[in-house]
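Listed below, chain by chain, are the residues.
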Amino acid sequence: MSMLVSDEIIKASGLSEQELLLEIVMMLFQKDKISLGKASELLGIHRMQFQKLLADRGLCVHYDVTEFQEDLKTLQEVGS
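Residues numbered from 1 in each chain as written. Predicted model: local features only at pLDDT ≥ 70, side-chain atom pairs only at ≥ 80, totals over all residues. Heavy atoms only, no water.

### Describing the packing of aromatic side chains
Geometry of an aromatic ring pair is reported as the spacing of the ring centres plus the angle between the planes. Applying the stated criterion to the full structure yields one aromatic pair. Aromatic side chains Phe-29 and Phe-50 sit 5.4 Å apart centroid to centroid with 85° between the ring planes, which places their arrangement in the edge-to-face category. Separated by 21 residues along the polypeptide, Phe-29 in helix H2 (residues 17–30) and Phe-50 in helix H4 (residues 47–56) bring together distant segments of the chain. Exposure remark for Phe-29: the relative accessible area of 3% places this residue in the buried category. (Phe/Tyr/Trp six-rings, centres within 6.5 Å; stacked < 30°, edge-to-face > 60°. Helix = DSSP H or I, 4+ residues; strand = E, 2+ residues; numbered from the N terminus. Buried < 20%, exposed > 50% of the residue type's maximum accessible area, 1.4 Å probe, protein only.)

Written out as C-alpha cells, the structure is:
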C-alpha cells in the first residue's frame, strides 16, 4: 500500500517531503509501531545513522530483552 500526502499537508507542515517522512518515521518508531531496522530502511539510511538522529533528539533506542537474546543468538550463529 502506498500513501499519497497532499501538497497542502506538506506545505502546511513547513517541512520538505524528506523532513516530513523523517518525522512520520520517528513518530512510528517512538510509538513502537516499527523497529529500528524498518525505520532505517524506510529512510534509506544505515541503522547507525538513524540511531544518531535519535540521539540528536534525545530519544532512546528501544532495545528489550527479546531483542538482546535474538542478537546473542545471531552472534553465536555467526561465530560458529
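### So, the packing of helix H3 (residues 36–43) against H4
With their axes 9 Å apart at the nearest point, H3 and H4 run at an angle of 100° to one another. Here H3 is positioned roughly perpendicular relative to H4, judged by the angle of their axes. Of H4, the residues touching H3 (which contributes Leu-36, Gly-37, Ala-39, Ser-40 and Leu-43) are Arg-47, Phe-50, Gln-51 and Leu-54. When its residues are assigned to classes, the contact of H3 with H4 shows five nonpolar, three polar and one charged. (Axes fitted to C-alpha atoms, helices over the stretch in contact; angles between N-to-C directions. Parallel < 35°, antiparallel > 145°, perpendicular 65-115°, else oblique. Contact = heavy atoms within 4.5 Å. Nonpolar A, V, L, I, M, F, W, Y, C, P; charged D, E, K, R; others polar.)

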